Amino acid sequence: MNKIHMVDVVTEYKKHSVKINEIIEDTLSSGSYIQGERVKSFEKMLSDFLDVKHVISCGNGTDALQVALMALGLKMGDEVLVPSFTFVATVETVCLLGYKPVFVDIDPNSFLLDIKSITKSITKKTKAIIPVHLFGQCCNMGEIKFLAEKFNLFVIEDAAQSIGSKCKQETNKWTYSGTIGDIGTTSFYPSKNLGCIGDGGAIFTNNSDLAKKIRLIVNHGQEERYKYKIIGLNSRLDALQAAILSFKLTLLEDFIIKRKKIADLYNKAFSTLSWLTVPVTQNYSDHVYHQYSLLLSTHICRASFQNYLHEHGIPTMVYYPIPLHKQEAYHQYCTIPLPNSEKTSNCIISIPMHPHLDSKQIDFICNTIKSYNQ
Ligand SMILES: *Cc1c(COP(=O)(O)O)cnc(C)c1O
């Protein structure tokens, strides 16, 4: 059996190396390395795929969040609702711009923003909310949009882990994650579901005024060369990354199908185990399994379970071991108890999930977990 990885970027490269090497050589020979045709054409491809009016590429998923927040023109001290159970970038960017993150708890079954906790946290100062479509499953966007309209909040969807995943809205229409709020953001970090070979990110919107502003911000606020309309930054996707992403986008749907099949096999194998809970897909969302995360019963020692799996050559990861409101850098923003975020951090564990796992590896993972003697 081949060595099992959490994410297998090398196998992916090797499977497509002829094509990818050709793209690299073609881009290098073109002499156009920053912006240009390859970037434009990738943005067009992605906007067609997602059915969103504007795709603006940028340097990475963290910049995408920062640029989205800058484009909304909030004021210092404005409150932004964020989950604590997320990757740090979601909150870091809010703080960097001088806005105040207000941590909201998650639903313990979906690990996604809890609607009741959102409602409780809205004040007169609340100006925006950042739903994170964690692990590849979408937040309840119907409910979130309803609250956003009622309280006049901007919605920035952090779709770094959910590209290609769809959410159901009130109208029963299924729409791609990242295209429902005012702005959506994503990351093309190599281990993401649509990954490049370095850093990359993108911003989505159906609002043409916001799109114009976002385009200025990612390129120094520059309208024409050396004419600066607003304060911006330098955050651009390389031509090389764009060219590779255009190719990888053609593989995305197939990769999502493979991830879902693996998740089905895992779900079946583990359904009889009383000491863990498999991820449950909510009725308002699709799941593209950026991560496949199990919740262990409280009597199970996670470290021992991890050791056991590692000894058998099965890697695991804990996303995320400490919620942000418990971190040294962010605990000052902790205002209400977030019991579900804390409980989940203590009991969650992610097992290998990527489209290149073969059936031998999947069987081995299933059987090894099933024979764990807790
Ligand atoms: C990966 C990730 C980001 C940041 O993306 P980078 O490209 O690494 O900057 C932001 N939010 C979430 C939820 C992520 O998983």
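Colleague: Lay out the nonpolar core with the relevant residues and their values.
Modeller: Membership of the largest hydrophobic core comes to 35 residues, with the highest contact counts inside it found for Val-80, Phe-103, Ile-130, Ile-183, Ile-203 and Ile-214. If you list the elements that add at least two residues to this core, you get β1 (54-58), α4 (61-72), β2 (79-83), α5 (89-96) and α8 (208-218). The element that contributes the greatest number of residues to this core is α4, accounting for 8 residues. Each of domain 1 (9-104 + 113-249) and domain 2 (252-370) gives at least three residues to this core. The residues touching Ile-130, leaving out its near neighbours within four places in the chain, are Leu-65, Leu-69, Val-80, Leu-81, Val-82, Pro-83, Thr-90, Val-94, Leu-113, Ile-156 and Asp-158. Counting residues in hydrophobic clusters, the runner-up holds 31 residues, among them Ile-129, Cys-139, Leu-153 and Val-318.

Colleague: Residue-level account of unusual backbone geometry, with values.
Modeller: Here the residue pair Tyr-319 and Tyr-320 is connected by a cis peptide bond, since its omega of 0 degrees sits within 30 degrees of zero. With respect to the helices, strands and loops of the structure, Tyr-320 is situated in the loop between α10 (302-311) and α11 (339-347). Non-glycine residue Phe-135 carries a positive phi angle of around 65 degrees. By the element assignment, Phe-135 lies in the loop between β4 (126-129) and α7 (141-151). Although it is not a glycine, His-220 sits at a positive phi angle of roughly 60 degrees. Tracing the chain through its elements places His-220 in the loop between α8 and β10 (222-224).

Colleague: A description of the site of the ligand should follow, citing residues and the corresponding values.
Modeller: Around the ligand lies a shell of 13 residues, among which Gly-61, Thr-62, Asp-158, Ser-187 and Lys-192 are the nearest. One nitrogen or oxygen atom from the main chain of Gly-61 is found 2.7 Å from an oxygen atom belonging to the ligand. The side chain of Gln-161 places a nitrogen or oxygen atom 2.8 Å from an oxygen atom of the ligand. About the coverage of the ligand: the protein hides 92% of its 380 Å² of free accessible area.

Colleague: Could you give an account of the environment of Pro-83, with specific residues and numbers?
Modeller: With respect to the helices and strands, Pro-83 occurs in strand β2. Along the backbone, Pro-83 and Val-102 are 19 residues apart, and their C-alpha atoms lie at a distance of 8.2 Å.

Colleague: Can you lay out the pairing of β2 for me, pointing to particular residues and giving the numbers?
Modeller: Extensive coverage of β2 is indicated by the burial of 5 of its 5 residues. Bridge count between β2 and strand β3 (residues 100-104): 5 bridges; the pairing is parallel. Within the sheet, the bridge partner assigned to Glu-79 lies in β3 and is Lys-100. Crossover handedness for the path β2 to α5 to β3: right-handed. Sheet analysis places β2 next to β4, joined by 3 bridges and oriented parallel. From the neighbouring strand, Val-80 faces β4, where its bridge partner is Ala-128.

Colleague: Can you tell me about the packing of α4 against α8, naming the residues and giving the values?
Modeller: Relative orientation of the contacting elements α4 and α8 amounts to 125 degrees, with a least axis distance of 9 Å. Between α4 and α8, the angle falls in the class oblique. In this structure, α4 meets α8 at a crossing whose hand is right-handed. Contacts between α4 and α8 involve Val-67, Met-70, Ala-71 and Leu-72 from the first element and Leu-210, Lys-213, Ile-214, Ile-217 and Val-218 from the second.

Colleague: Kindly report on the domain arrangement of the protein, identifying the contributing residues and their values.
Modeller: By domain assignment, the protein separates into domain 1 (9-104 + 113-249) and domain 2 (252-370). The straight-line distance from the C-alpha centre of domain 1 to that of domain 2 is 24 Å. Across the boundary between the two partners, domain 1 contributes 42 residues, which contact 33 residues of domain 2. When domain 1 packs against domain 2, the two sides together hide about 3,200 Å² of surface, and 61% of this comes from carbon and sulfur. At the boundary of domain 1 with domain 2, the tally comes to 17 residue pairs in polar contact (both at pLDDT 80 or more). Within the residue set of the side of domain 1 that touches domain 2, elements represented by two or more residues are α1 (9-15), α5, β3, α6 (115-121), β6 (166-168), β7 (174-176) and α9 (239-270). If one sorts the elements of the side of domain 1 that touches domain 2 by residue count, β3 sits on top with 4 residues. For the side of domain 1 that touches domain 2, the per-class residue count stands at 19 nonpolar, 15 polar and 8 charged.

Colleague: Tell me about the packing of aromatic side chains, and please be specific about residues and values.
Modeller: Tallied over the full model, the rule gives 14 aromatic pairs. A connected cluster of aromatic rings, assembled from ring pairs, spans Phe-85, Phe-111, Phe-135, Tyr-319 and Tyr-320. We note Lys-166 situated over the ring of Tyr-176; from NZ or CZ to the ring centre the distance is 4.9 Å.

Colleague: Tell me about the sheet that holds strand β14 (residues 348-351), and please be specific about residues and values.
Modeller: Judged by pairing direction, the sheet is antiparallel, and its 3 strands sit side by side in the order β12-β13-β14 without closing on themselves. Whereas interior strands pair on both sides, the edge strands pair on one side only; in this sheet they are β12 (276-277) and β14. Bridge count for β12 against strand β13 (residues 292-296) is 2 bridges, and the pairing is antiparallel. Pairing of Leu-276 across the sheet is with Leu-296, part of β13. Contacts between α9 and the sheet are confined to β12, β13 and β14, with β13 contributing the most and set at about 20 degrees to the helix. Docked against the sheet, α10 engages β13 and β14, running at close to 15 degrees with respect to β14.

The rules behind these values
- Residues numbered from 1 in each chain as written.
- Predicted model: local features only at pLDDT ≥ 70, side-chain atom pairs only at ≥ 80, totals over all residues.
- Heavy atoms only, no water.
- Core = buried A, V, L, I, M, F, W, Y, C linked by side-chain atoms within 4.5 Å.
- Buried < 20%, exposed > 50% of the residue type's maximum accessible area, 1.4 Å probe, protein only.
- Helix = DSSP H or I, 4+ residues; strand = E, 2+ residues; numbered from the N terminus.
- Domains from an automatic or database assignment.
- Contact = heavy atoms within 4.5 Å.
- Near = heavy atom within 4 Å.
- Polar contact = N/O pair within 3.5 Å; in protein donor to acceptor, adjacent residues only side chain to side chain.
- Areas by Shrake-Rupley, 256 points an atom, 1.4 Å probe, with all protein chains shown as cover.
- Pairing = 2+ DSSP bridges.
- Right-handed = clockwise from strand over helix to strand, strands pointing away.
- Axes fitted to C-alpha atoms, helices over the stretch in contact; angles between N-to-C directions.
- Parallel < 35°, antiparallel > 145°, perpendicular 65-115°, else oblique.
- Left-handed = near helix turned anticlockwise from the far one by under 90°.
- Buried area = accessible area lost by both parts, 1.4 Å probe.
- Nonpolar A, V, L, I, M, F, W, Y, C, P; charged D, E, K, R; others polar.
- Phe/Tyr/Trp six-rings, centres within 6.5 Å; stacked < 30°, edge-to-face > 60°.
- Lys NZ or Arg CZ within 6 Å of the ring centre and 35° of its normal.

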